[in-house]
Amino acid sequence: ELKSEQLAFTTINGNHSGSNIGRILIKAIDDYGIRNKVGWFTADNATNNNTAIQTVANTIDPSGTKWIAGEHCVR
């Protein structure tokens, strides 16, 4: 059964760069132990979100063969 939940509501210390947001997302993913269960992200069209999702993709799948950022983001 497909489920959707908000897992974290985190204050961003520092700038709102995509790499900073990506690190926060990875921390939340790892805090819940769900790296192998992450499917999709929903984001607006801000360019920092592209970088954030790419940061997540590079961390989840460093080979870039199983989890491709552009295929796992809904806008």
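Not measured: the values here are computed from a predicted model.

## Focus: the overall build of the protein chain
Then comes step 1: Counting secondary structure elements, the protein chain contains two helices and two strands.
Then comes step 2: Each helix and strand of the protein chain, placed in order from N terminus to C terminus, yields the pattern α-β-α-β.
Then comes step 3: Seen through its C-alpha atoms, the protein chain measures out along the principal axes to roughly 35 × 25 × 20 Å.
Then comes step 4: Per-residue burial for the protein chain yields a buried fraction of 29% across its 75 residues.
Then comes step 5: Of the contacts formed within the protein chain by residues at least 6 apart in sequence, a portion of 64% connects residues at least 24 apart.
Then comes step 6: A total of about 5500 Å² of accessible surface is found on the protein chain, and carbon and sulfur atoms cover 51% of it.
Then comes step 7: Averaging the locations of the 7 positively and 7 negatively charged side chains of the protein chain gives two centres separated by 5 Å.

## Points about helix α2 (residues 47-60)
Then comes step 1: Taking 1.5 Å of rise per residue, the 14 residues of α2 would be expected to cover 20 Å, and the 20 Å separating its terminal C-alpha atoms lies within 8% of that figure.
Then comes step 2: Taken together, the buried positions of α2 are N49, A52, I53, T55, V56 and A57.
Then comes step 3: Those residues of α2 hidden inside the fold are in contact with α1 (18-31), β1 (41-42) and β2 (73-74).

The rules behind these values
- Residues numbered from 1 in each chain as written.
- Predicted model: local features only at pLDDT ≥ 70, side-chain atom pairs only at ≥ 80, totals over all residues.
- Heavy atoms only, no water.
- Helix = DSSP H or I, 4+ residues; strand = E, 2+ residues; numbered from the N terminus.
- Buried < 20%, exposed > 50% of the residue type's maximum accessible area, 1.4 Å probe, protein only.
- Contact = heavy atoms within 4.5 Å.
- Areas by Shrake-Rupley, 256 points an atom, 1.4 Å probe, with all protein chains shown as cover.
- Lys, Arg positive; Asp, Glu negative; His and termini not counted.
- Charge placed at Lys NZ, Arg CZ, Asp CG, Glu CD.
- Expected span 1.5 Å × (residues − 1).

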